[in-house]
Amino acid sequence: MVTFVTETLRGIAQVDFMPSWLTGVLFVAALFASGWEYGLYGLLGAAVSTGTAYALGGDRDRIEAGLEGFNGCLVALSFAVFLGADHLSTVLLAIGGSVTVVVVTAALAKILGTWNIPTFTAPFCITASAMTIAAPSFERIWHQGPGLSELDKAGADTTHLAWSDVWRAFFANVSQVFFMPQWYVGLIFLSGIFVASRMAAAMACAGSLTGIFTAWALGSPTEGVRQGLMGYNAVLVAMALCGVFIVASGWSMAYAVTGAASATGLTAAMTNFFNPFGGHTFTWPFVLTAIAFVAAVPTLSRLRRT
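Asker: An account of the overall build of the protein chain is needed here, citing residue identities and associated values.
Answerer: Looking only at helices and strands, one finds 14 helices and zero strands in the protein chain. On C-alpha atoms alone, the protein chain measures out to a radius of gyration of 18 Å, which is about the 19 Å that the 2.2 N^0.38 rule sets for 306 residues. Viewed in the frame of its principal axes, the protein chain has a C-alpha envelope of about 50 × 50 × 35 Å. By residue count, 51% of the 306 residues in the protein chain fall in the buried class. When the accessible surface of the protein chain is summed, it comes to about 13100 Å², and 67% of that surface belongs to carbon and sulfur atoms. One way to put it: in the protein chain the 12 positive side-chain charges average out to a point 11 Å from where the 14 negative ones average out.

Asker: Hey, could you go over the packing of helix α9 (residues 183–196) against helix α10 (residues 198–218) for me, with residue numbers and the actual values?
Answerer: Their axes nearest at 5 Å, the elements α9 and α10 cross at an angle of 145°. Residue-level contacts link L190, I193 and F194 of α9 to R198, A200, A201, A204 and C205 of α10. Of the residues that constitute the contact of α9 with α10, the class distribution is seven nonpolar, no polar and one charged.

Asker: I'd like to hear about the layout of surface pockets, residue by residue, with values.
Answerer: Taken as a whole, the second largest pocket spans an internal volume of roughly 330 Å³. Classifying every residue of the lining of the second largest pocket gives nine nonpolar, five polar and two charged.

Parameters at a glance
Residues numbered from 1 in each chain as written. Predicted model: local features only at pLDDT ≥ 70, side-chain atom pairs only at ≥ 80, totals over all residues. Heavy atoms only, no water. Helix = DSSP H or I, 4+ residues; strand = E, 2+ residues; numbered from the N terminus. Rg over C-alpha atoms; globule rule 2.2 N^0.38 Å. Buried < 20%, exposed > 50% of the residue type's maximum accessible area, 1.4 Å probe, protein only. Areas by Shrake-Rupley, 256 points an atom, 1.4 Å probe, with all protein chains shown as cover. Lys, Arg positive; Asp, Glu negative; His and termini not counted. Charge placed at Lys NZ, Arg CZ, Asp CG, Glu CD. Axes fitted to C-alpha atoms, helices over the stretch in contact; angles between N-to-C directions. Contact = heavy atoms within 4.5 Å. Nonpolar A, V, L, I, M, F, W, Y, C, P; charged D, E, K, R; others polar. 1 Å grid on protein atoms, 1.4 Å probe; cavity = no way out; pocket = protein on both sides within 12 Å on 5 of 7 lines; lining within 4 Å. Points joined across faces, edges and corners; volume = space filled by probe spheres on them.

This is the structure we're talking about:
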């Protein structure tokens, strides 16, 4: 039981690539700080996915490292946020989605493994996108009113970032990885990353700053920047490309910052792509950017894979 709990906590920590159970504890604390129901959903998703991997005979090394739990954690949280946490249907869907995502992970790992490319959060994105887009068609699970969205209008707001907007966005960029908008939740998440790796924490900070600057430079609406909706993918990309999947160096740091800026622009593109039919951006910009930048490494002599 202790081993399973540890693996579940590592699964939650692996959302930010940290295989530390202590980081997982801090991440769970951050989720509970946002709302007790989100803490429970995060634990539920990671536990169900980890248990499913055990039941299906998944690779023990992956399970022990938490690599079978983080997509389940994100799936369960996304269902809670976008379908409503206080519905029994959401709980049942979160459990089913956390089981399904293990199979999706195994399939993608087989396909992408041919090129030695990680699955990142692609299994979560596929599972969550399928459900949230389909949900408005099912009255027993959809409780949010009309399902379709509209394209954001750039002219509806302008980018005038005050100091309070900048520091709130800096932390919200981290918390939005878990769909939480509160700045103090992002601070706890960042503390958890720091406990596991100072390099990873530094890159998370660099990614957040890059996301803010890029969004401001391109003229993104202030509210989206302040809430962290434009920068969370930049945080994940910066961490992934310097120290996690690519050996840390001056070159990989510059490479990571470039990737973070690219992910920020792609975030707006993916948001506009999904909005007309009620989908959500999730971490698709991170997945697509990270796959492209990691796949390019073997052809770039200044960079090395970990």
